[in-house]
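Below are the chains, spelled out letter by letter.
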Amino acid sequence: MSEAWEKLLPHLREMVDLAGAVKLMSWDQATLMPPNASPARARGMATVESIAHQHLINPEVGDLLQELALDDSLDQDQAASVRILKRDYDRATKVPPELVHELAELSGTAYQAWTEARPQSDFSLLQPHLEKMIRLKKEEADAIGWETERYDALLDEFEPEMTTRDVEAMFTELTEGLRPLLEKIVGVSSPRAEFLSKGYDPASQEAFSHWLVDVLNFDSDSGRLDTSPHPFTITIGAGDVRQTTRSEEKDLMMSIYATIHETGHALYEQGLPTELLDLPVGRAPSLGMHESQSRLWENLVGRSRPFTEFMLPHLKERFSAQLGMVNPDEFYRAANHVEPTLIRVTADEVTYNLHLMLRFELELAMFREELDVADLPNAWDAAMEKHLGIRPDSDANGVLQDMHWSNGIQGYFPTYTLGTIYSAAFFAKAQEQLGNLDDELRDGNTARLLGWLRENIHSKAYRYSAKDLAEQVLGAPVSAKPLLEYLRTKYSQLYDISA
Ligand code: ZN
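What counts, and where the lines are drawn
- Residues numbered from 1 in each chain as written.
- Predicted model: local features only at pLDDT ≥ 70, side-chain atom pairs only at ≥ 80, totals over all residues.
- Heavy atoms only, no water.
- Salt bridge = Lys/Arg side-chain N within 4 Å of Asp/Glu carboxyl O.
- Helix = DSSP H or I, 4+ residues; strand = E, 2+ residues; numbered from the N terminus.
- Buried < 20%, exposed > 50% of the residue type's maximum accessible area, 1.4 Å probe, protein only.
- Donors = N, O, S within 2.8 Å, 3.2 Å for Na, K, Ca; no water.
- Phe/Tyr/Trp six-rings, centres within 6.5 Å; stacked < 30°, edge-to-face > 60°.
- Lys NZ or Arg CZ within 6 Å of the ring centre and 35° of its normal.
- Polar contact = N/O pair within 3.5 Å; in protein donor to acceptor, adjacent residues only side chain to side chain.
- Contact = heavy atoms within 4.5 Å.

> What's the story with the pattern of salt bridges in this structure? I'm lost.
A side chain with one charge may pair with a side chain of the opposite charge, provided their charged atoms come close. Overall, the coordinates contain 36 salt bridges when judged by the stated rule. The salt bridge partner of Arg368 is Glu168, with a shortest N-O separation of 3.4 Å. Of this pair, Arg368 sits in the loop between helix 15 (349-367) and helix 16 (376-388) while Glu168 sits in helix 8 (residues 164-188); the two residues are 200 residues apart in sequence, bridging distant segments of the chain. Arg295 is the partner of Glu298 in a salt bridge, and the nearest nitrogen-oxygen pair spans 3.2 Å. Of this pair, Glu298 and Arg295 both sit in helix 11 (residues 287-301), three residues apart, roughly one helical turn. What makes Glu298 buried here is its relative accessible area of 9%. A relative accessible area of 9% means that Arg295 is categorised as buried.

> Which parts of the structure should I look at to understand the coordination of the zinc ion?
In an ideal octahedron of six donors the angles at the metal are 90 or 180 degrees, and in an ideal tetrahedron of four donors they are 109.5 degrees. Here the zinc ion is held by His261 (NE2), His265 (NE2) and Glu291 (OE), and the distances to it run 2.1 to 2.3 Å. The sequence pattern formed by the donor residues of the zinc ion is H-x3-H-x25-E. Of this pair, His261 sits in helix 10 (residues 252-271) while Glu291 sits in helix 11, and the two are 30 residues apart along the sequence. As far as the burial class goes, His261 and Glu291 line up, both buried.

> It is not clear to me how the packing of aromatic side chains should be interpreted in this structure. Could you clarify?
When we look at a pair of aromatic rings, we describe it by the centre distance and by the angle of the planes. Overall, the coordinates contain 15 aromatic pairs when judged by the stated rule. Between the aromatic rings of Trp211 and Phe310, the centroid separation amounts to 5.8 Å while the plane-to-plane angle is 20°, which identifies the pairing as stacked. Of the two residues, Trp211 is situated in helix 9 (residues 202-215) and Phe310 in helix 12 (residues 305-318); the sequence distance between them amounts to 99 residues. What makes Phe310 buried here is its relative accessible area of 10%. A centroid spacing of 6.0 Å and a plane angle of 85° characterise the contact between Trp405 and Phe413, whose relative ring orientation is edge-to-face. Judged on exposure class, the residue Trp405 and its partner Phe413 are both buried. Three or more aromatic residues joined by ring pairs make a cluster, and in this case those are Phe158, Trp380, Trp405, Tyr412, Phe413 and Tyr416. Above the ring of Trp27, the side-chain terminus of Arg242 is found at 4.4 Å from the ring centroid. Cation over ring: Arg295 sits above Tyr352, and NZ or CZ is 4.3 Å from the ring centre.

> Help me understand the side chain of Ser286 in this model?
If you trace the backbone, Ser286 turns up in the loop between helix 10 and helix 11. Polar side-chain contacts of Ser286 include one of 2.6 Å to the side chain of Glu159. At a separation of 3.0 Å, a polar atom in the side chain of Ser286 contacts the main-chain amide nitrogen of Met289. Discounting chain neighbours no more than four positions away, the residues touching Ser286 are Phe158, Glu159, Pro160 and Ala466.

Okay, here's the thing in structure tokens:
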């Protein structure tokens, strides 16, 4: 085995262990930590994170990577790991330490300003921080470097090798297809089903979630399900994948679909090859690819007619007073109710991606110097009207609703839609290769589908970029067509319209 590789290996393991320590602290922070521990935890995490960062930018690691990039004795996984770590190393070392520090500090203060601005619906409290944030993120993008446009450098952090131009083309195709569909649906849409908000005991909802993750083949000996205000999934280390869900008394669907969504992420993590977990190649290639798994389970499986039919009797066992009289057709319709609303996180399948198109457009305009932060609230409201036909009643329900921008997370929003685009394309491919899955899903049997995802996606880890992996799975470059096709078919039946 290559000598340089032998020298790199202990560094890789230390980086994985330090990252695991930070992730465990952050999981605890979001689930069990008492509130008064907050300042000490923030400092503790910053300390461990900075030690981890020092490991990554260690010049010895840089030298080894340089040497290994030319080493043709490496096997495929070693070579991929060197390529991926070199990318991380380059991104981390190109940005001047002062700028890294300034951005970290600003993320804290801007986020704090956002937590005050949102409840007061007062954008002016956030504006100066956000102006500085956009300025520093431009500097960061320029330090990292880009060829066609600045936004590429930001997108690349979350979606390696995907370009702004790729995303724009797919988003435009998707939006142009979605808007006429939405208009027709809005024309015939009826109000949301009343039984959804009847009052559901949170403890019983959580018990249902535990049952549900089991049905979906989440391995509870190698993971946990807990609750947190914002559901998430995080891998602490090999054999330890933690997911969370949340429940709301007046919203039955919230916990069901948060649980299925996070289980999609968790199954992906549990399907990554164990022997690769210490290596940079042992992770998902992009956030969009990760989101493809959560969206596939949440929407293509979880909101399908057969799977809702499967869940209903099990829900009735726990909530007979609320659901006793509800039939499968009503339940399926309720799980797929479409209505343009102001808030992204609770949006339905048809409007969800329009919320993201809006964010992508505005982000892009700011980084192309076509939009000033001061004009952002008006631009937001106008874009909302253009895409969804409604206007926010306040900045709290408009431009101030997401924490991403104040937190220094620019270039992230497109990954949600890319994930959704991938999810529909993968599901169509799975059905093409496995045959129709409806009968199995009606029995709650998802083993064959999971097997297909394991073989075609999970087991590949980061051996290929998301774009290349998708192309391998699909036999052609990914496009928005399968998603549009799926939405048109499903919703023209549901709402009895021609698509
Ligand atoms: Zn997700």
